[in-house]
Amino acid sequence: MDRKISFADVQKAVEEAYEQFKSLSEGSVDPRVADTADADAFGISVVLADGRFADKGDADTLFVLGAMAKLPLSAVLLSQNPVSDLVKKSGHCACCCHGGKEKSSISLPFGRHGIKAVSAVEPQGDREGKMKVISDMLVGMSGCEPVFDDGLYEKFQAEIAKADVVGQLENSGYKLMDSADLSVDIYVRLMSLKMSAKQLATMGATVAADGRNPYSAEYAFDGEIAPRIVAMMATRGKHFIKPWMVLTGMPAVRSFAGGMLAVLPGFGAIAAYSPKTDDRGTSVKASKAISYIAGKLCLNVFSSARVDVEK
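Bear in mind the structure is a predicted one, so any value in this text is a computation, not a measurement.

Undergrad: Can you walk me through helix H2 (residues 70–80) in this structure?
TA: Three- or four-residue spacings in an α-helix give side chains the same orientation, since the helix completes a turn every 3.6 residues. Across the 11 residues that make up H2, a large majority, nine, are buried. Regarding H2, the residues found buried are Lys-70, Leu-71, Pro-72, Leu-73, Ser-74, Ala-75, Val-76, Leu-77 and Leu-78.

Undergrad: I would appreciate a short explanation of the side chain of Ser-142 in the present structure.
TA: Here Ser-142 lies in helix H5 (residues 127–142). Looking at Ser-142, the relative accessible area reads 6%, which means it is buried. Engagement of the side chain of Ser-142 in a polar contact is seen with the backbone oxygen of Leu-138, the distance being 2.9 Å. When near neighbours in sequence (up to four residues on either side) are disregarded, Ser-142 contacts Met-195, Gln-199, Thr-202, Met-203 and Asn-213.

Undergrad: Any chance you could explain the sheet that holds strand E9 (residues 259–264) here in plain terms?
TA: Pairing between the strands of a sheet is mediated by backbone hydrogen bonds and can be parallel or antiparallel. The five strands are arranged E4-E3-E10-E9-E8 in an open sheet whose pairing can be described as antiparallel. Two strands in the sheet have a free side with no partner beyond their single neighbour: strand E4 (53–57) and strand E8 (252–254). Within the sheet, the average angular offset between the axes of one strand and its neighbour, ignoring direction, is 10 degrees. By the bridge criterion, six bridges tie E9 to strand E10 (residues 268–273) in an arrangement that is antiparallel. Its bridge partner lying in E10, Gly-259 is registered against Tyr-273.

Undergrad: Just to check I follow, could you spell out the nonpolar core for this structure?
TA: The tendency in soluble globular proteins is for nonpolar side chains to be buried as a group. Counting 69 residues, the largest nonpolar core has Ile-115, Leu-169 and Phe-221 as the members making the most contacts within it. For this core, the element with the most residues is helix H8 (residues 180–191), which contributes eight residues. Setting aside residues up to four positions removed in sequence, Ile-115 forms contacts with Leu-108, Phe-110, Val-165, Leu-169, Leu-176, Ser-183, Val-184 and Tyr-187. Val-14, Ala-54, Ile-241 and Met-245 belong to the second-largest nonpolar core, a separate cluster that totals 34 residues.

Undergrad: Looking at this structure, how should I read the environment of Val-207?
TA: Counting through the fold element by element, Val-207 comes out in helix H9 (residues 197–208). Judged by its relative accessible area of 2%, Val-207 falls in the buried class. A sequence separation of 158 residues divides Val-207 from Ala-49, and the C-alpha atoms of the two residues are 8.5 Å apart. Ignoring any residue separated from it by four or fewer positions in sequence, one finds Val-207 in contact with Met-141, Phe-221, Ala-226, Ile-229, Val-230 and Val-263.

Undergrad: Would you take a moment to explain the packing of aromatic side chains for this structure?
TA: Inspection of the entire model under this criterion finds five aromatic pairs. Pairing Tyr-18 with Phe-42 gives two aromatic rings, centres 5.1 Å apart and planes at 10 degrees, and the pair type is stacked. Of the two residues, Tyr-18 is situated in helix H1 (residues 7–21) and Phe-42 in the loop between strand E2 (28–29) and strand E3 (43–48); the sequence distance between them amounts to 24 residues. Overall, the relative accessible area of 16% leaves Tyr-18 in the buried class. Taking 5.5 Å as the distance between ring centres and 55 degrees as the angle between the ring planes, the aromatic pair formed by Phe-148 and Tyr-153 counts as tilted. Take Phe-148: its relative accessible area is 27%, and that puts it in the partly exposed class. The buried category is assigned to Tyr-153, whose relative accessible area is 12%. Its guanidinium or amino end placed over the ring of Tyr-174, Lys-116 lies 4.5 Å from that ring's centre, counting from NZ or CZ.

Parameters and conventions
Residues numbered from 1 in each chain as written. Predicted model: local features only at pLDDT ≥ 70, side-chain atom pairs only at ≥ 80, totals over all residues. Heavy atoms only, no water. Buried < 20%, exposed > 50% of the residue type's maximum accessible area, 1.4 Å probe, protein only. Helix = DSSP H or I, 4+ residues; strand = E, 2+ residues; numbered from the N terminus. Polar contact = N/O pair within 3.5 Å; in protein donor to acceptor, adjacent residues only side chain to side chain. Contact = heavy atoms within 4.5 Å. Pairing = 2+ DSSP bridges. Axes fitted to C-alpha atoms, helices over the stretch in contact; angles between N-to-C directions. Core = buried A, V, L, I, M, F, W, Y, C linked by side-chain atoms within 4.5 Å. Phe/Tyr/Trp six-rings, centres within 6.5 Å; stacked < 30°, edge-to-face > 60°. Lys NZ or Arg CZ within 6 Å of the ring centre and 35° of its normal.

Here it is in structure tokens:
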């Protein structure tokens, strides 16, 4: 049985979450963004699949996407590849049996899976062409051009040089579909992009609406791949996502810089931002706010009841 709520219920849940958690002081700002982030910033944005929205606090403050850039990257890969082929390219067994996962002993300052994902994007060997494909998807999903953080990009480049990331990838046998140098550079460029909670929530609402941007009414991608994107969100990051999914039932992604996004198909998306993170890199205020709103409105991807927001 569907559960009907009013838009006023959504607005109230956002207001309550903001008021309840705005004074929290737990966590610390990641050193890579400490010189640009306001430690006290806190913003929440809920964007429904039909375009209605509820914002509170610093919902328009820009923050670094970090690994959340994998969301539009996933949409590109699923648009370019049958899912069975994509599973094989990821180094897993396409038959879904146990084992078959590609192993590697390399140690990088950020996830190697994002680098591999970039390497699989077409066109191959074309730095600008590959970046444009991903950027176009990001703009189509969010409805805006992101801001590039040059300072953070330079910090990432220093980490890359210090850890000899390109050398490790080239000499380890870790399989990439494009050159290590090109793939690493594009991935850190994506991680250095900045968006607001409102823009991020719009991106999530596009996924929730089967690829249709709720404001432009244009399709960023084929609706058939939307469930795959949500599934990837729900299975990424074992130390974070498993307990989070049990607690909230909301597929989510996060950034070391304090952003977080949760998506419920058919309903919309909740995004929140606060730069103070816990020891696992999860924003304390953002995670608590999203968890509160999801619980208050009974939003859960595993629930048999679909939540319908009345007009």
